[in-house]
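# Examining the three-dimensional arrangement
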Amino acid sequence: MSEFVKVIIEGKTYEFPVIIGTEGEKAFDISQLRKLTGYITHDPGFGSTGCCTSAITFMDGEKGILRYRGIPVDQLAEHSTFVETAYLLINGHLPNHEQLTNMRVLLNDSSMVHEDMKIFYQNFPRNTHPMGILSAMVNALKSFYPAYDNTEEEVTKMTLNLISKIRTMSAMSYRMSRGHMVIYPRPDYSYCANFLNMMFDNPVKPYKLDEDLVKALNVFWILHADHEQNCSTTAVRVVGSGKANLYAAISAGIAALWGPLHGGANQAVIEMLTNIQQSGYSIPQVIEKAKDKSDDFRLMGFGHRVYKTYDPRAKIMKKMCDAVLGKLKKKDPLLDTAKKLEEVALTDSYFIEKNLYPNVDFYSGIVLRAMGIPLNMFTVMFAIGRLPGWIAQWQEGVEDPNGKICRPRQIYTGAGLTNYVPLEER
Ligand code: CMC
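Every value quoted in this text rests on a predicted model; they were computed, and no experiment measured them. (Residues numbered from 1 in each chain as written. Predicted model: local features only at pLDDT ≥ 70, side-chain atom pairs only at ≥ 80, totals over all residues. Heavy atoms only, no water.)

## Things to note about the environment of Ile 19
Formally: A run of H or I in DSSP counts as a helix once it spans at least four residues, and a run of E counts as a strand once it spans at least two, with each numbered from the N terminus. Pairs of residues are marked as contacts when any of their non-hydrogen atoms sit within 4.5 Å.
Structurally, Ile 19 can be placed in strand E2 (residues 12-20). Here the alpha-carbon distance between Ile 19 and Asn 197, two residues 178 residues apart in the chain, equals 48 Å. Among all residues touching Ile 19, those that are not within four sequence positions of it are Glu 25, Lys 26, Ala 27, Asp 29 and Thr 53.

## Overview of the site of the ligand
Convention followed: The criterion for a residue being near a molecule or strand is simple. One of its heavy atoms has to lie within 4 Å of it. Each polar contact in these results corresponds to two N or O atoms within 3.5 Å; when the atoms are within protein, one needs to be able to donate a hydrogen and the other to accept it, and residues that are neighboring in sequence are counted only if both atoms are side-chain atoms. Using a 1.4 Å probe, accessible areas were evaluated by the Shrake-Rupley method; residue-level cover was limited to the displayed protein chains. Residue classes follow a fixed rule: Ala, Val, Leu, Ile, Met, Phe, Trp, Tyr, Cys and Pro count as nonpolar, while Asp, Glu, Lys and Arg count as charged, and any other residue, Gly among them, counts as polar.
Taken together, 21 residues sit near the ligand, with His 262, Arg 298, Leu 299, Arg 305 and Lys 354 positioned nearest. Contacts to the ligand include Leu 261, whose backbone N or O atom sits 2.8 Å from a nitrogen atom. A distance of 2.9 Å separates an oxygen atom of the ligand from a polar side-chain atom of Asn 359. Look at the ligand: alone it shows 930 Å² of surface, and the protein chains cover 75% of it. Grouping the amino acids of the shell around the ligand by side-chain chemistry returns ten nonpolar, six polar and five charged.

## With respect to the pairing of E2
What counts here: Any two strands with at least two DSSP-identified bridges between them are counted as paired.
Pairing analysis gives six bridges linking strand E1 (residues 4-9) to E2, with the strands arranged antiparallel. Each residue of the ladder has a partner; that of Val 7, found in E2, is Tyr 14. Taken together, E1 and the strand that follows it, E2, pair antiparallel across an intervening segment of two residues, in which Glu 10 is found at a positive phi of about 50 degrees. Inspection of the sheet shows E2 paired to strand E3 (residues 26-28) by three bridges, in the antiparallel sense. Residue Val 18 lies in a different strand from E3, and its bridge partner there is Phe 28. Remark: five residues form the turn of the hairpin made by E2 and E3, two consecutive strands paired antiparallel; Gly 24 in that turn has positive phi of roughly 90 degrees.

## Overview of the sheet that holds E1
What counts here: Under this scheme, a helix contributes an axis fitted over its contacting stretch, all axes are lines through C-alpha atoms, and angles between N-to-C directions fall in the 0 to 180 degree range.
Read from one edge of the open sheet, three strands run E1-E2-E3, paired in antiparallel fashion. In this open sheet, the two edge strands, each paired with only one partner strand, are E1 and E3. Neighbouring strand axes in the sheet, compared pairwise and without regard to direction, differ in orientation by 35 degrees on average.

## Describing the packing of aromatic side chains
The line we're drawing: Stacked, tilted and edge-to-face are the three classes assigned to paired rings of Phe, Tyr and Trp, where Trp is represented by its six-membered ring and a pair needs centres within 6.5 Å; plane angles under 30 degrees give stacked, over 60 edge-to-face, the rest tilted.
The tally for this structure, following the rule as stated, stands at 13 aromatic pairs. Taken together, a centroid distance of 5.7 Å and an interplanar angle of 80 degrees make the contact between Phe 302 and Phe 351 edge-to-face. With Phe 302 in the loop between helix H13 (283-291) and helix H14 (312-328) and Phe 351 in helix H16 (residues 349-353), this pair connects stretches of sequence that are 49 residues apart. Aromatic side chains Phe 302 and Phe 362 sit 5.1 Å apart centroid to centroid with 90 degrees between the ring planes, which places their arrangement in the edge-to-face category.

## Quick notes on the environment of Leu 261
To keep things clear, this is the line we draw: Relative accessible area decides the class of each residue, using a 1.4 Å probe on protein chains only: under 20% of the type maximum gives buried, over 50% gives exposed, and in between gives partly exposed.
Structurally, Leu 261 is set in the loop between helix H11 (246-257) and helix H12 (265-279). Under the relative-accessibility criterion, Leu 261 is labelled exposed at 76%. For the pair Leu 261 and Gly 301, spaced 40 residues apart in sequence, the C-alpha separation works out to 8.8 Å.

## A closer look at the pairing of strand E4 (residues 57-60)
Both faces of E4 are covered, namely the face carrying Thr 57 and Met 59 and the face carrying Phe 58 and Asp 60. Counted between consecutive antiparallel strands, the loop separating E4 from strand E5 (residues 65-68) contains four residues, among which Gly 64 sits at a positive phi close to 70 degrees.

## Observations concerning the sheet that holds E5
Pairing is antiparallel across the open sheet formed by three strands, whose spatial order is E4-E5-E6. Each edge of the sheet is formed by a strand with only one pairing partner; in this case those strands are E4 and strand E6 (71-72). Here E4 runs beside E5; their pairing, made up of four bridges, is antiparallel. The residue of E5 that forms the bridge with Thr 57 is Tyr 68.

## A short note on the nonpolar core
How we decide: We call a set of buried residues a nonpolar core when its members are Ala, Val, Leu, Ile, Met, Phe, Trp, Tyr or Cys and they connect through side-chain atoms within 4.5 Å of each other.
One finds Tyr 191, Phe 195, Trp 221, Ile 250, Leu 299, Leu 341 and Ile 373 to be the most contacted residues of the largest nonpolar core, which totals 121 residues. Those residues within four positions of Ile 250 in sequence are excluded, and the remaining contacts are Val 138, Leu 162, Val 236, Leu 387, Trp 390 and Ile 391.

## Structural notes on helix H4 (residues 97-109)
Spelled out, the test is: Expected span, for any helix, means 1.5 Å times one less than how many residues it has. Throughout, the arc means that of the directions going from the helix axis to the C-beta atoms.
For H4, spanning 13 residues, the distance from its first C-alpha to its last is 18 Å, which sits close to the expected 18 Å at 1.5 Å a residue. Three or more residues of H4 are buried, namely Leu 100, Met 103 and Leu 107. In a view along the axis of H4, the buried residues occupy a sector of 60 degrees, so they form one face of it. In H4, those exposed residues whose orientation departs by more than 90 degrees from the buried face are His 97, Glu 98 and Asp 109.

## Topic: the environment of Lys 354
In this fold, Lys 354 is placed in the loop between H16 and helix H17 (360-371). Assessed through its relative accessible area of 40%, Lys 354 is described here as partly exposed. Separated by 256 residues in sequence, Lys 354 and Glu 98 have C-alpha atoms that sit 48 Å apart.

## Describing helix H6 (residues 130-144)
Here H6 spans 20 Å end to end across 15 residues, near enough to the 21 Å set by a 1.5 Å rise per residue. With eleven of 15 residues buried, H6 lies mostly within the body of the structure. Among all positions in H6, only Pro 130, Met 131, Gly 132, Ile 133, Leu 134, Ser 135, Met 137, Val 138, Ala 140, Leu 141 and Phe 144 are buried. Summarising the contacts, the buried residues of H6 are in contact with helix H5 (117-123), helix H7 (152-177), H11 and helix H18 (378-399).

## Looking at the packing of H6 against H18
Relative orientation and spacing of two packed helices are given, respectively, by the angle between their axes and the distance between those axes. Two numbers describe how H6 lies on H18: the axes approach to 8 Å, and their chain directions differ by 35 degrees. When H6 is examined against H18, the residues Pro 130, Met 131 and Leu 134 are found in contact with a partner set consisting of Thr 379, Val 380 and Ala 383. A per-class count over the contact of H6 with H18 returns five nonpolar, one polar and no charged.

See the structure below:
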């Protein structure tokens, strides 16, 4: 039997159908609200607004649960690879042996980047942030690898191009920003190994692959692979809803991810930890500063719109910091500072009452530093990981038979009717 929610507006009762998700989450469908009542809803930041139904990722922010296509992220982090997880997100099921081999072959076939694209890289000013370059170059893929419509064949081509080339293009932007030669992908290397090799190989000092680092990179990217309707994914879906091509939608997602409240937080955390060390602030002083409403400073890598408990990704990332540094026999003083910050914050009533816990970005930068990834590439690393999720979400959006162009309303609060005043009379 269908459920309804009764709403009384100006004395009149209206019934709105209830939608219930697989795990019992409930929404009431207000798509007819304006037509029936003349009212719209007002929800800045969309904290109480569901913009779609989705079968890709499930999150329970109270319990700290994250599952891709039903599979807990910790199981994927332990047993899967990034390529297999990408297949899962995009196709809705784990691949069999043949499907996985086929995907690897096709990714290898798509891994080169048109040589003319190098010209663009060469002409960005040296200090350009790699996220700006990546967003622009992903948009440019439409010109170099045209796709004419959204048939299954064209979407598969764009998907493979994106997943494979994003890694080549990201490594290229790093190397060219340093004036180093580009290292091409190798057919005998796995996805993650290839990325590390393209970043760090050198003709006079060949890069020695470390299987533990390759595994850590797989886990890092699996943990970032999707996170349902966050800021950048919403950007991807909104751009897709206007029927823009997949490359354009992903380019918009990259731009949205760049912000420090979103993916840019991984860079901001390391900058914050470094500043704490250099400034000589004590940990309690930093915590007080984060609580002070007259101060813009926030504890970066803490808090989340959905998680009101420890982010399950942060738990895995924290363990990975110790494992990777242990394996490399390295010490990172920033890890000690991060752990002390966490310890003090989690016993402070401000953080307890507001349910502020470490999120994925709090420890991820320590892992990236250990791998040798430079700070300005951190959010690019997030983007490479999030790509399969963006693609799956774009695809779900464009294939939705009830999908419409995203076009929110507003409540206008500006001037009433005002007559134009000619320039000479002002
Ligand atoms: N440090 C200090 N106070 C905080 C923090 C923080 N990191 N995060 C939230 N608060 C406070 C905030 O001031 C507000 O207090 P009050 O209710 O007194 O006004 C309350 O907690 C709720 O915060 P909010 O900003 O209304 O929450 P939100 O859901 O709109 O924002 C957030 C979520 C992630 C943007 C925010 O927690 C934040 O700015 N965190 C730091 C940046 C960060 O780490 N971002 C990465 C998010 S995880 C990766 C990703 O998927 O993007």
